[in-house]
Each structure stands twice: as C-alpha cells, then as structure tokens.
Amino acid sequence: RVSQAERDPNVAREWQTQHPGSSSATSPTGNPADSVKTVGIIFLVGVAIFIWLLVSAIVAARRRENFFATALRLLGRFLVLLIIVSRGTRRGSLSGGGSGSWGGGGHSPSSGGDV
C-alpha cells in the first residue's frame with residue numbers, strides 16, 4: 001500500500017482523506033500557535049537583555065566603573081545564582097523519589113530495584 005501511494009498520488013490523497021490527523025508531514029504555513037510562542041520567547045529574551053543592560057548602566061554610573069566590566073560581572077553573578085537555584089530545586093525533587101528534571105524516577109520492578 002505504501003509503495004502504491006509513492007507511485008500514485010491518488011492513493012496518497014485517498015489515504016489522507018480517510019486518515020486526516022495521521023499525516024506526519026508538516027504544513028508549509030506551520031502552526032500559528034508555534035509562531036506565537038516563538039515571538040513570545042523572543043520578546044521575553046529581549047526584555048531580559050534590556051533590563052540587564054539598564055541595570056548595568058545604572059550600577060556602572062553610580063559606582064563610576066567601566067560599563068562593560070560591570071555588565072559582565074552582573075551577568076556572571078546572575079548565572080551563578082541560577083546554577084545554585086537549579087541545583088537546590090533538583091535535589092529537592094529527586095530526594096523524594098519522584099520525578100526529576102528528566103521525568104520518571106522511583107522504583108521499577110522490571111529492572112530489579114531503584115532506577
């Protein structure tokens with residue numbers, strides 16, 4: 001049936017009309033919800049960069065420091081803070097045997113014990 005569909009486009013169209021939701025091909029226009037999510041993520045990243053630069057400019061002006069050194073120092077401190085917070089939340093979720101950042105976890109009788 002698959003080889004017939006590859007050779008004859010009418011067979012493929014017939015299959016698509018009988019099974020409208022099972023097509024694995026994506027539409028050329030894409031999903032509108034995906035584009036809204038992408039625009040939202042780009043907007044949030046832009047706002048975060050703007051806030052970072054604004055705070056860096058204010059701190060550098062008050063301390064009379066080099067703007068770029070201040071901006072890099074603040075970015076480094078923020079990233080270290082994110083790492084510390086992420087490690088703390090990961091330990092908390094894994095200590096109970098529940099689902100961690102990769103999902104699953106706990107005990108599995110098929111594997112003979114802890115996973």
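What counts and what doesn't
- Residues numbered from 1 in each chain as written.
- Predicted model: local features only at pLDDT ≥ 70, side-chain atom pairs only at ≥ 80, totals over all residues.
- Heavy atoms only, no water.
- pLDDT = per-residue confidence, 0-100.
- Helix = DSSP H or I, 4+ residues; strand = E, 2+ residues; numbered from the N terminus.
- Expected span 1.5 Å × (residues − 1).
- Buried < 20%, exposed > 50% of the residue type's maximum accessible area, 1.4 Å probe, protein only.
- Patch = residues over 30% accessible without salt bridge, like charges linked within 9 Å, V, L, I, M, F, W, Y side chains within 5 Å.
- Areas by Shrake-Rupley, 256 points an atom, 1.4 Å probe, with all protein chains shown as cover.
- Salt bridge = Lys/Arg side-chain N within 4 Å of Asp/Glu carboxyl O.
- 1 Å grid on protein atoms, 1.4 Å probe; cavity = no way out; pocket = protein on both sides within 12 Å on 5 of 7 lines; lining within 4 Å.
- Points joined across faces, edges and corners; volume = space filled by probe spheres on them.
- Nonpolar A, V, L, I, M, F, W, Y, C, P; charged D, E, K, R; others polar.
- Phe/Tyr/Trp six-rings, centres within 6.5 Å; stacked < 30°, edge-to-face > 60°.
- Contact = heavy atoms within 4.5 Å.

Please set out the confidence of the model for the chain residue by residue, giving values where relevant.
With 68% of its residues at a pLDDT of 70 or more, the chain shows a mean pLDDT of 77. At the level of individual helices and strands, the chain shows its lowest average pLDDT in strand 1 (residues 107-108), which scores 54, and its highest in helix 3 (residues 32-63), which scores 90.

How would you summarise helix 3 if you had to cite specific residues and measurements?
Taking 1.5 Å per residue, 32 residues should reach 46 Å; helix 3 reaches 47 Å between its end C-alpha atoms and fits that length. Phi for R64, located one or two positions after helix 3, is positive at around 55 degrees.

For unusual backbone geometry, give the residues involved together with the corresponding values.
Excluding glycine, residues mostly carry a negative phi; peptide bonds, for their part, are mostly trans. The phi angle at R64 is positive, at roughly 55 degrees, despite the residue not being glycine. Here R64 lies in the loop between helix 3 and helix 4 (67-95). Here R64 falls in the exposed class, since its relative accessible area comes to 77%.

Give me a nonpolar patch on the surface: which residues, what numbers.
Taken together, the side chains of F43, L44, V47, F50, I51, L54, V55 and I58 make up a nonpolar region of the molecular surface, amounting to roughly 770 Å² of accessible area. Turning to its location among the elements, F50 is positioned in helix 3. Overall, the relative accessible area of 56% leaves F50 in the exposed class.

A description of the layout of surface pockets should follow, citing residues and the corresponding values.
Of the volumes computed, that of the largest pocket is approximately 180 Å³. Around the largest pocket, the lining residues are A48, I49, I51, W52, V55, L74, L75 and F78. Those elements that provide at least two residues to the lining of the largest pocket are helix 3 and helix 4. Element by element, the count of residues in the lining of the largest pocket is highest for helix 3, at 5 residues. Across the lining of the largest pocket, the residue classes break down as 8 nonpolar, no polar and no charged.

Explain the packing of aromatic side chains to me, using residue names and the numbers behind them.
This structure, assessed with the given rule, holds 1 aromatic pair. Ring centres of F67 and F68 lie 5.3 Å apart, and the angle between their planes is 70 degrees; on these two criteria the pair is classed as edge-to-face. Looking at F68, the relative accessible area reads 59%, which means it is exposed.

Lay out the side chain of T70 with the relevant residues and their values.
Within the fold, T70 resides in helix 4. By relative accessible area, T70 is classed as buried at 0%. With near-sequence residues (within four places) excluded, T70 lies in contact with S56, V59, A60 and E65.

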